[in-house]
Amino acid sequence: NEQFSERFEREAHAVASLNHSHVCTLHDVGPNYLVMEYIEGVPLRGPLPLGQALKYAVEICDALDAAHRKGITHRDLKPANILVTKTGIKLLDFGLAKIGAGNHPPSDATLTMALTGKNEIVGTLYYMSPEQLQSQATGQEVDARSDIFSFGLVLYEMLTGKRAFEGSSPA
C-alpha cells in the first residue's frame, strides 16, 4: 500500500538520522518493512513519584532535543510511544514525523491526505497541540513547539495519572 510505504520511508529516514540512547534504533529497511531494535519495556504510565517522573522527563526532552536539532518534529508524542525500560525511556514511532525542509519532505497538507485521506487527523487528538490540529485544516507547517506542547501533556499525565484534558469527546 502506497500510504504505508510512505510512512515506512518517513520513519526510516527520521530514525536513521538519529543516533540517540533514548530513541529506538533502526537496523534494516525493506520495501514494506522496518527492522527496529527489540526493546523490552512497557508504555509510560502515571502517576509516578516526582523523582522518577523528572528523570523520565529529562530523557524524553533529551531525545526530542536531538530530533529537533536534526529538523525532525515527532508529531505523535504520547505515553504509548514512550517505552520505559530497565535503563530509562525509549522514544518510538516516528511514522508521522515531519522532517525539516532541508530534507525535501512533502508538505504537511500533502502528508495528511496521503496517509489518511482528505480531512482526517494525523496524530493522536488527546496529545496534539492546537497548532498541529489547525495546520491540518490550513496546510501551515508545524514545528518543534508542537512536540513541546505534547510533552507538557505527557508530563502532566506522568505526574497525575490522568490526561490533561478530559471531556465528553476527544475534540
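See the structure printed just above.
Keep in mind it's a predicted model, so treat the numbers as computed, not measured. (Residues numbered from 1 in each chain as written. Predicted model: local features only at pLDDT ≥ 70, side-chain atom pairs only at ≥ 80, totals over all residues. Heavy atoms only, no water.)

Caption draft 1: Up close: the overall build of the chain. Within the chain, the regular secondary structure consists of five helices and seven strands. The N-to-C order of helical and strand elements in the chain reads α-β-β-β-α-β-β-β-β-α-α-α. Burial statistics for the chain: of 171 residues in total, 42% are counted as buried. Contacts in the chain between residues far apart in sequence, at least 24 positions, make up 65% of those at least 6 positions apart. (Helix = DSSP H or I, 4+ residues; strand = E, 2+ residues; numbered from the N terminus. Buried < 20%, exposed > 50% of the residue type's maximum accessible area, 1.4 Å probe, protein only. Contact = heavy atoms within 4.5 Å.)

Caption draft 2: Region of interest: the pattern of salt bridges. For the coordinates displayed, the defined rule picks out six salt bridges. Between glutamate 37 and lysine 90 there is a salt bridge, and its shortest N-O distance comes to 3.2 Å. Here glutamate 37, found in the loop between strand 2 (33-36) and strand 3 (42-43), pairs with lysine 90, found in strand 6 (residues 88-91); they are 53 residues apart in sequence, far enough to count as distant. The class of glutamate 37 is partly exposed, set by a relative accessible area of 21%. For lysine 78, the salt bridge identified is with aspartate 76, shortest N-O distance 3.8 Å. (Salt bridge = Lys/Arg side-chain N within 4 Å of Asp/Glu carboxyl O.)

Caption draft 3: Main features of the sheet that holds strand 5 (residues 82-85). As summarised here, the arrangement of the three strands in space is 3-5-6, forming an open sheet in which the pairing is antiparallel. Strands with a single pairing partner mark the edges of an open sheet, and in this sheet they are strand 3 and strand 6. Contacts from helix 2 (residues 50-69) reach strand 5 and strand 6 within the one sheet, and its direction differs from that of strand 6 by about 35 degrees. (Pairing = 2+ DSSP bridges. Axes fitted to C-alpha atoms, helices over the stretch in contact; angles between N-to-C directions.)

Caption draft 4: Quick peek at the packing of helix 2 against helix 5 (residues 144-160). In the contact formed by helix 2 and helix 5, the axes pass within 10 Å of each other and the chain directions differ by 165 degrees. Here helix 2 lies roughly antiparallel to helix 5, going by the angle between them. By crossing handedness, the relation of helix 2 to helix 5 is classed as right-handed. Counted together, Leu50, Ala53, Tyr56, Ala57, Ile60, Cys61, Leu64 and His68 of helix 2 and Ala144, Asp147, Phe151, Val154, Leu155, Met158 and Leu159 of helix 5 form the full contact between these two elements. Within the contact of helix 2 with helix 5, the residues separate by chemical class into 13 nonpolar, one polar and one charged. (Parallel < 35°, antiparallel > 145°, perpendicular 65-115°, else oblique. Left-handed = near helix turned anticlockwise from the far one by under 90°. Nonpolar A, V, L, I, M, F, W, Y, C, P; charged D, E, K, R; others polar.)

Caption draft 5: View of the nonpolar core. With 33 residues, the main nonpolar core has Leu44, Ile60, Ile82 and Phe94 as its most contacted residues. Of all the secondary structure elements, the ones that give two or more residues to this core are helix 1 (2-16), helix 2, strand 5, strand 6 and helix 5. Considering each element in turn, this core owes the most residues, seven residues, to helix 2. Ignoring sequence-local partners within four residues, the contact set of isoleucine 60 consists of Leu44, Ile82, Ile89, Phe151, Val154 and Met158. (Core = buried A, V, L, I, M, F, W, Y, C linked by side-chain atoms within 4.5 Å.)

Caption draft 6: Region of the structure containing the pairing of strand 6. Both strand 5 and strand 6 contribute to a ladder of four bridges, which runs antiparallel. Across the sheet, residue threonine 85 finds its bridge partner in strand 6, namely glycine 88. Here strand 5 folds back onto strand 6, and the loop between the two strands holds two residues.

Caption draft 7: Looking closely at the environment of arginine 10. Here arginine 10 lies in helix 1. Judged by its relative accessible area of 5%, arginine 10 is buried. Through-space distance from the C-alpha of arginine 10 to that of leucine 96 is 7.5 Å; in sequence the pair is 86 residues apart.

Caption draft 8: Molecular detail of unusual backbone geometry. In the segment running from glycine 46 into proline 47, the intervening peptide bond is cis, with an omega of 5 degrees. Inspection of the secondary structure assignment puts proline 47 in the loop between strand 3 and helix 2. For arginine 75, which is not glycine, the phi dihedral falls at a positive 70 degrees. One can find arginine 75 in the loop between strand 4 (72-73) and strand 5. Of the residues examined, arginine 75 reaches a relative accessible area of 6% and is grouped as buried. Positive phi is not limited to glycine here, since aspartate 93 has a value of about 55 degrees. Mapped onto the secondary structure, aspartate 93 falls in the loop between strand 6 and strand 7 (98-99).

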